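For reference, the chains in residue letters:
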Amino acid sequence: MYDVRGFRALPRPETRSGQPRRCGVEIEFSGMDEAATAQIIARTVGGHVTQTGPHLYTVDDSDIGTVGVELDTRYAKADTQVVPESVLDAARVIVPVEIITAPLPPDQWDRVIDLTVALREAGAKGTSDSLLAGFGIHFNPEVTGYDDPFLIRTIIAYGLLEGWLREWRPLNVSRRILPFVDPWPAHFIDALLLAPDLDLRSVAGVVHSHLSGRNYGLDLLPILHDFDPDGFAARFGSESSGARPAFHFRLPDCRLDEPGWSIADEWDRWWLVEDLAADEPRFDALCAAWRKGAGHGAGWEQVVSQHIGPNGERLFK
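Parameters and conventions
Residues numbered from 1 in each chain as written. Predicted model: local features only at pLDDT ≥ 70, side-chain atom pairs only at ≥ 80, totals over all residues. Heavy atoms only, no water. Phe/Tyr/Trp six-rings, centres within 6.5 Å; stacked < 30°, edge-to-face > 60°. Helix = DSSP H or I, 4+ residues; strand = E, 2+ residues; numbered from the N terminus. Buried < 20%, exposed > 50% of the residue type's maximum accessible area, 1.4 Å probe, protein only. Lys NZ or Arg CZ within 6 Å of the ring centre and 35° of its normal.

(A) Structural view of the packing of aromatic side chains. Scanning all chains against the criterion turns up 16 aromatic pairs. Considering the side-chain rings of F7 and F139, the 6.2 Å spacing of their centres and the 85° angle between planes classify their relative orientation as edge-to-face. Here the residue F7 occupies a position in the segment before β1 (23-29), and F139 occupies one in strand β6 (residues 137-141), the gap between them amounting to 132 residues. As far as the burial class goes, F7 and F139 line up, both buried. Ring plane angle 50° and centroid distance 5.1 Å describe the contact between F249 and W270, whose orientation is recorded as tilted. A residue pair is termed long-range when its members are at least 10 positions apart, and F249 in strand β8 (residues 248-249) and W270 in helix α10 (residues 263-278) qualify at 21 residues. Through successive ring pairs, a cluster of aromatic residues spans Y158, W184, F188, F247, F249 and W270. Above the ring of W271, the side-chain terminus of R8 is found at 5.6 Å from the ring centroid. Here R12 stacks its cationic end above the ring of F150, 4.5 Å away from the centre of that ring.

Next comes the structure, spelled out in structure tokens:
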């Protein structure tokens, strides 16, 4: 039996204003077209289907609000299609269909599990279906607040945990070889940890100096753009970002067709990041170890395991 448990509640479940933190979800897969996908969504969570372009559908008034469905390529967007249909159809093995939810409150997250079960039963394929697939799950958890120190701690916590996360549950080979979820370089984490009085504006400067684009396991451009649109334009120009007050966590795999796989397990990757950020003693200890040089070279994953357990059990407690 699949998906026997739901999503873990975030360690900090509310924003600083006291509202439940929402999370949008994006699911990439192959094995069916956009029209069939939209109908499966409507049967699973309700709503009515509307086609808005050659490869674009929406499911409106569902139990989880409006859900978008599209062939995930800029060449298939409404009014911009420049690739012939025959080419798009031939590329479906490696160009995924994508489901995009609205930002969902916590009491609706488990309906996404219902969607993944319905997709699996209908024959959807995940990232292991092709060496060139590279299909992922993107989680977009709302930030607690731009003035909340927990936001900066979460960014640093991801840097501290990323190598361990990739070793704990290794990504499918297709996602490791494609340039969509690159790891943050060590010099970027160094800069975060050595910056005095780090805040989101200074994070933007560090990102601009040390990263290139948004194809990382954690993409920070959406929050940087939403937080300071003018400053973002000055630093990053016309760089596409999808500005929103939410992290763009791109690391998780989509393994819809693999026995025992659950999207709730992929969510655990992000949950561990936030729980480390909330666990002051362990967070501070790992920061101190990195600053002393332990984060460079082999052995960092073992250092992390000493603090959180080989399977994160000291955080999952």
